[in-house]
Amino acid sequence: MPDGNPGRVHPYHISFEGLEKNIICRDASDCDSLVKCLFVCSVRKNVIIIVYAVVSNHAHLAILAKSHKDAYDYAQEVKRTYSMLFRAKYKEQKVLKGTSVDVQMLDTPWYLRNALAYILRNAYDNGANNLNDYKWCGYSAMFRNEPYRGVSKPVASMTKRERENIMHTGDDLKAVSWCVNADNELIPATTCDAKYLEQAFNNDQAFFFKSIGTVNTAEMTQKLVLSPRQMKTDSDFLKDVEELSIRWFGTYLAELSTERKARLLMYVYRSTKTTVAQLARTFNLDQESIRILLNK
């Protein structure tokens, strides 16, 4: 982990959606700032970035984190930090207030592979002809046969003033392995966990590109971005929770111990739009017990 300690991690997809009313990256320097913000915050919140894609009105990334709470806290830190940078640059208040942040655990191999393909598909869908040429995504770190050989400067060797001017932070980054190129842009080959993505596709680049070409973007948008915002009926909500219970624990919700119900409850509460009352009905617990488990 970035803090130097080992830890059991899980993959998560995070999306930052400006949607039609918010352009979160108005020019190339904004894209550069957001990419750097992603990585600076990953050190602050102790998560690992697998891959990312940043475009004008949204960003997607996959990370490794110890828990859903860690992934969610990281996402909120990115939004907070980038909002400060955006406000300082444009002197505009609350522009990003409506930007939605969604976090989803990638809990099956199919879900993981399709989410990784979907993230980089965003670069193609926003005009890229070649993923290697799209500067604001992490693809150039993947499936490399040799190390990066261009001009580079280690972030760890920067002075505090250089970090403030180039990385937009005064944070201590002496332990990171990142480098910037001649244009002071982060080099993905020095930042992303390429090995994780490559292994998800059996280290087969052709399999990866086939997945990008065949991923159902409408389905993944629904699963990763829209579903967390839509309140479902009790019957549909129960169906989703039952499927999740079987995937996680191999048994139905009613058969789970209180401890396992609590683990599932926390994830469902963080990743879907629901209420304490609906959770109480679904998990067959009283509302006060739900509030205690959620620390509300």
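Everything below is about the structure printed above this text.
Residues numbered from 1 in each chain as written. Predicted model: local features only at pLDDT ≥ 70, side-chain atom pairs only at ≥ 80, totals over all residues. Heavy atoms only, no water.

Here the focus is the overall build of the chain. Check the secondary structure of the chain and you find 11 helices and 6 strands. For 296 residues, the compact-globule formula gives about 19 Å, and the C-alpha radius of gyration of the chain, at 20 Å, lands near that figure. With respect to the three principal axes, the spread of C-alpha positions in the chain is 60 × 45 × 40 Å. Per-residue burial over the chain gives 48% buried out of 296 residues. (Helix = DSSP H or I, 4+ residues; strand = E, 2+ residues; numbered from the N terminus. Rg over C-alpha atoms; globule rule 2.2 N^0.38 Å. Buried < 20%, exposed > 50% of the residue type's maximum accessible area, 1.4 Å probe, protein only.)

On to the packing of helix α8 (residues 234-249) against helix α10 (residues 276-283), then. α10 packs onto α8 with a crossing angle of 60° between their chain directions and a minimal axis gap of 10 Å. Between α8 and α10, the interaxial angle falls into the category oblique. Considering how the two elements wind past one another, α8 and α10 form a crossing that is right-handed. Contact residues: α8 offers Asp234, Phe237, Leu238 and Val241, while α10 offers Gln278, Leu279, Arg281, Thr282 and Phe283. For the contact of α8 with α10, the per-class residue count stands at 5 nonpolar, 2 polar and 2 charged. (Axes fitted to C-alpha atoms, helices over the stretch in contact; angles between N-to-C directions. Parallel < 35°, antiparallel > 145°, perpendicular 65-115°, else oblique. Left-handed = near helix turned anticlockwise from the far one by under 90°. Contact = heavy atoms within 4.5 Å. Nonpolar A, V, L, I, M, F, W, Y, C, P; charged D, E, K, R; others polar.)

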